[in-house]
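Structural characterization, general
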Amino acid sequence: MNILETKGLYHDFNRLEVLFDVNLKVKEGERHAIIGPNGAGKTTLFNVITGTYAPSRGAVFFKGEVVTGAKPHRMVRLGMGRSFQITSTFNRLTAFQNIRMGVLSRRGIRFNFFRKVDKMEDITRETDEILKRINLYGERNMPASALSYGKHRSLEISMALATDPDVVMLDEPTAGMSKDETRYAVELIRKLTEGKTAVIIEHDMDVVFSLADHITVLHLGTILASGPPDKIRKNKAVKDAYLGEMEG
Amino acid sequence: MTRRVKGIVGGVILVILALYPWLFGIYFTNVIVTCAIFALFAVSYNLLLGYTGLFSFGHAMFFGAGGYATALALTHIEGCPLLVALLFGFLGAVALALLLSPIVARLAHSAFAMLHLAFSMLLYTLALKLRGITGGEDGIGGFPIPPFRIPGVVSVDMTDPLNFYYFAMAVLCGSLWVAWFLTKTPFGQIIVSVRDNDKRVDYMGFKVPQTKAIIYTLSCGFAGIAGSIYAMFQNLISAAALGIAQSFAPIVMTMVGGVISFFGPIWGAVIFAVIEELTTRYTERVQLVEGLILIIVILFFPGGFIHIVAIVKGKLLGFTRGKGAGLIKGKWFGK
Ligand SMILES: Nc1ncnc2c1ncn2[C@@H]1O[C@H](COP(=O)(O)OP(=O)(O)OP(=O)(O)O)[C@@H](O)[C@H]1O
Ligand SMILES: [Mg+2]
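Described below are features of the structure shown in this document. (Residues numbered from 1 in each chain as written. Chains lettered and ligands numbered in written order. Predicted model: local features only at pLDDT ≥ 70, side-chain atom pairs only at ≥ 80, totals over all residues. Heavy atoms only, no water.)

**As for the interface of chain A and chain B**
With 40 residues of chain A in contact, the opposing surface of chain B contributes 33 residues. Between chain A and chain B, roughly 3,100 Å² of surface is buried when both sides are summed, and carbon and sulfur atoms account for 62% of that area. Our enumeration of links across chain A and chain B arrives at 1 salt bridge. Its salt-bridge partner being A:Glu156, residue B:Arg200 comes within 2.5 Å of it at the nearest N-O pair. Across the chain A-chain B interface, the total number found is 17 residue pairs in polar contact (both at pLDDT 80 or more). Of all the secondary-structure elements, those providing two or more residues to the side of chain A that touches chain B are helix H2 (72-78), strand E7 (80-83), helix H3 (95-106) and helix H5 (149-161) of chain A. Tallying contributions element by element places H3(A) first for the side of chain A that touches chain B, with 7 residues. Considering only residue class, the side of chain A that touches chain B consists of 17 nonpolar, 14 polar and 9 charged. (Contact = heavy atoms within 4.5 Å. Buried area = accessible area lost by both parts, 1.4 Å probe. Salt bridge = Lys/Arg side-chain N within 4 Å of Asp/Glu carboxyl O. Polar contact = N/O pair within 3.5 Å; in protein donor to acceptor, adjacent residues only side chain to side chain. Helix = DSSP H or I, 4+ residues; strand = E, 2+ residues; numbered from the N terminus. Nonpolar A, V, L, I, M, F, W, Y, C, P; charged D, E, K, R; others polar.)

**Observations regarding the coordination of the magnesium ion (ligand 2)**
Each protein donor to the magnesium ion (ligand 2) is listed here as A:Thr43 (OG1) and A:Gln85 (OE1); together their distances run 1.9 to 2.2 Å. You can see A:Thr43 sitting in helix H1 (residues 42-50) and its partner A:Gln85 sitting in the loop between E7 and H3, a full 42 residues away along the chain. (Donors = N, O, S within 2.8 Å, 3.2 Å for Na, K, Ca; no water.)

**A look at the sheet that holds strand E11 (residues 222-227) of chain A**
Residues and elements named next belong to chain A. Read across the open sheet, the 6 strands follow the order E7-E8-E9-E4-E10-E11; overall the sheet is mixed. Bordering the open sheet on either side are E7 and E11, each of which pairs with just one other strand. For this sheet, the mean inter-axis angle between neighbouring strands, taken without regard to orientation, is 15°. (Pairing = 2+ DSSP bridges. Axes fitted to C-alpha atoms, helices over the stretch in contact; angles between N-to-C directions.)

**Points about the site of ligand 1**
Residue and element names in this part refer to chain A. The immediate surroundings of ligand 1 are formed by 13 residues, with Asn 38, Lys 42, Thr 43, Thr 44 and Gln 85 found nearest. One of the backbone N or O atoms of Gly 41 is found 3.0 Å from an oxygen atom in ligand 1. Separating an oxygen atom of ligand 1 from a side-chain N or O atom of Lys 42 is a distance of 2.8 Å. Here ligand 1 loses 61% of its free accessible area of 630 Å² to cover by the protein chains. Looking at which element gives the most residues to the shell around ligand 1, the answer is H1, with 3 residues. Taken together, the residues of the shell around ligand 1 sort by class into 4 nonpolar, 7 polar and 2 charged. (Near = heavy atom within 4 Å. Areas by Shrake-Rupley, 256 points an atom, 1.4 Å probe, with all protein chains shown as cover.)

**With respect to the environment of A:Gly64**
Residue and element names in this part refer to chain A. Mapped onto the secondary structure, Gly 64 falls in the loop between strand E5 (57-62) and strand E6 (65-66). The exposure class assigned to Gly 64 is exposed, which follows from its relative accessible area of 64%. Linking Gly 64 and Phe 46, residues 18 residues apart in sequence, is a C-alpha distance of 18 Å. (Buried < 20%, exposed > 50% of the residue type's maximum accessible area, 1.4 Å probe, protein only.)

**What to know about the layout of surface pockets**
Residue and element names in this part refer to chain B. Taken as a whole, the second largest pocket holds about 800 Å³ of empty space. Lining the second largest pocket are 25 residues, and of these Phe 38, Ala 249, Met 253, Glu 276 and Glu 290 sit closest to its centre. Mapped onto the lining of the second largest pocket, the elements with two or more residues apiece are helix H2 (29-52), helix H9 (208-234), helix H10 (244-257), helix H11 (264-279) and helix H12 (286-300). Of the residues assigned to the lining of the second largest pocket, the class counts are 15 nonpolar, 7 polar and 3 charged. (1 Å grid on protein atoms, 1.4 Å probe; cavity = no way out; pocket = protein on both sides within 12 Å on 5 of 7 lines; lining within 4 Å. Points joined across faces, edges and corners; volume = space filled by probe spheres on them.)

**Focus: the packing of H3(A) against helix H4 (residues 121-133) of chain A**
The geometry of a pair of packed helices is captured by two quantities: the angle between their axes and the separation between those axes. Residues and elements named next belong to chain A. As a packed pair, H3 and H4 sit with axes 9 Å apart at the nearest point and diverge in direction by 120°. As summarised for this structure, H3 and H4 are arranged oblique, according to the angle between their axes. At the point where H3 passes H4, the crossing takes the right-handed sense. Here H3 contributes Ala 95, Phe 96, Ile 99, Arg 100, Val 103, Leu 104 and Arg 106 to the contact with H4, which in turn contributes Ile 123, Thr 124, Glu 126, Thr 127, Asp 128, Ile 130 and Leu 131. Each residue belonging to the contact of H3 with H4 can be placed in one class, and the counts come to 8 nonpolar, 2 polar and 4 charged. (Parallel < 35°, antiparallel > 145°, perpendicular 65-115°, else oblique. Left-handed = near helix turned anticlockwise from the far one by under 90°.)

**Comments concerning helix H4 (residues 82-104) of chain B**
All names here are of chain B. In a regular helix each residue adds 1.5 Å, so 23 residues correspond to 33 Å; H4 covers 32 Å between its end C-alpha atoms and thus fits that length. Its axis deflected by about 30° at Leu 98, H4 carries its strongest bend there, up to four residues before the proline Pro 102. Where H4 is concerned, the buried positions are Leu 82, Ala 85, Leu 86, Gly 89, Ala 93, Val 94, Leu 96, Ala 97, Leu 100, Ser 101 and Val 104. Next to the buried residues of H4 lie helix H3 (60-76), helix H5 (109-129), strand E2 (148-150), helix H7 (161-184) and H9. (Expected span 1.5 Å × (residues − 1). Bend = angle between axes of the 7 residues up to and from the residue.)

Okay, structure coming up:
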């Protein structure tokens, strides 16, 4: 079953057409990589799916429901998580508090005025467990802005997962990371997305081929090819448009 | 500080406040009540500025709304009980906030700040022009201050300054405690997240405009309580209470005391009360001194008095982690 699907999706910025008839199909449980050159419209596709803005035309289906134009908080409540290409955390809050926001959200604790959040032991325990899993427990009480780049990126990715979404959308999770950091992040992503559906925008082909079950190639705002990794690797059009230029 | 120490400090302050009239005489309670009124007003403001990242130039609107609502209730409702008059003050400010929140909750930054300036100028003019209701330039004064009464139990005369002192301090300190508690709740976490990164808050599953509308309304309600007590304390409310100068009081107090801490604005109110007490003995030019202090704080201690305390603590205890460390890195306003 396709847990996430777009049908005939178009998007333009003041008539500058960025997405053009995009029909994305993401199966439940797969790790789905989206690749494509700079400016292909990958982030815009994420923005349209996750509710940053509504598409100019077309529809988005999530868990069989039409969610076209639904706002981000609604998508999160329906079970979608998202991380950003450009790190976007709560910088003056600690790593712990950043993750806790996700835990609070998942538990539906929003307008609670009658209990101290620090006294909610189950929330604290769950948040600490996540911090340990992502190897950030040592930095628990550091403000997000004081984290090293690699750790900050880990936090960014983990915030998307702290709400325990069914589908997680990661926009270039390894952006700007060193080789070692990337290797570490790939293992982290593999671990955290176990049993979930993940859509991952990625430039690093090693990462793509080691993580993905399915690859969609976006080129000039439309889907050039979509299929399992070995098929994409052999695809002539993809080689010409993208892989060739990456490898050569 | 450990919990223990904090508890002791809080207890000592309460005891001092309780014994104050007996130690220093009733005249000097005026300073304390005024200071506490402004402390609550400034703290209510900091719920917006320091906690939610919303800069407003018109917070006195809600202080004034609280004052006028209480004054009107006491003037026109025969036998209006004390607590009902206070409730009117709170609700008056809340009503105004609810009226404005659909517009302002979607704004931030300078649009939010300037729109409040515009609204408060509008209200100021209305308060002057609608003489029939507001008493124009004279304001509303001389209304009866009812006793604090629980039927069949007690009736305490509130025209007695000593009794009023305890009543006002109980309401103001109680409100401060509620505001403090609010910042510790899950909702308190959401508002600081909005301050840091409202876009991401949406992506964590929370509604940003609604969150802003709620903290805005609560903040304004607290300002209304401050205004209500102010009106009863002075037995007068006039347009000056919602004017521009009045809007700048909590801004300046918050900056001088420190935006990053809940207690910063309280320190600000105390500092200004002390300065005013001291300078009026020598000169009429209180604002000159206040202006100079503000300049020094902005240039050298952008985190305010709390910043200085943190530095001193850091020096004494030899650490640079925690609040002090973050402060020195800078950037506490907006984004
Ligand atoms: N808010 C915007 N307003 C106007 N144009 C935009 C906006 N966002 C993106 N674009 C344009 O849309 C095109 C696609 O941008 P997008 O960010 O989706 O690409 P991308 O595939 O994510 O690229 P990259 O690999 O560099 O992240 C680019 O030409 C970009 O300049
Ligand atoms: Mg991008």
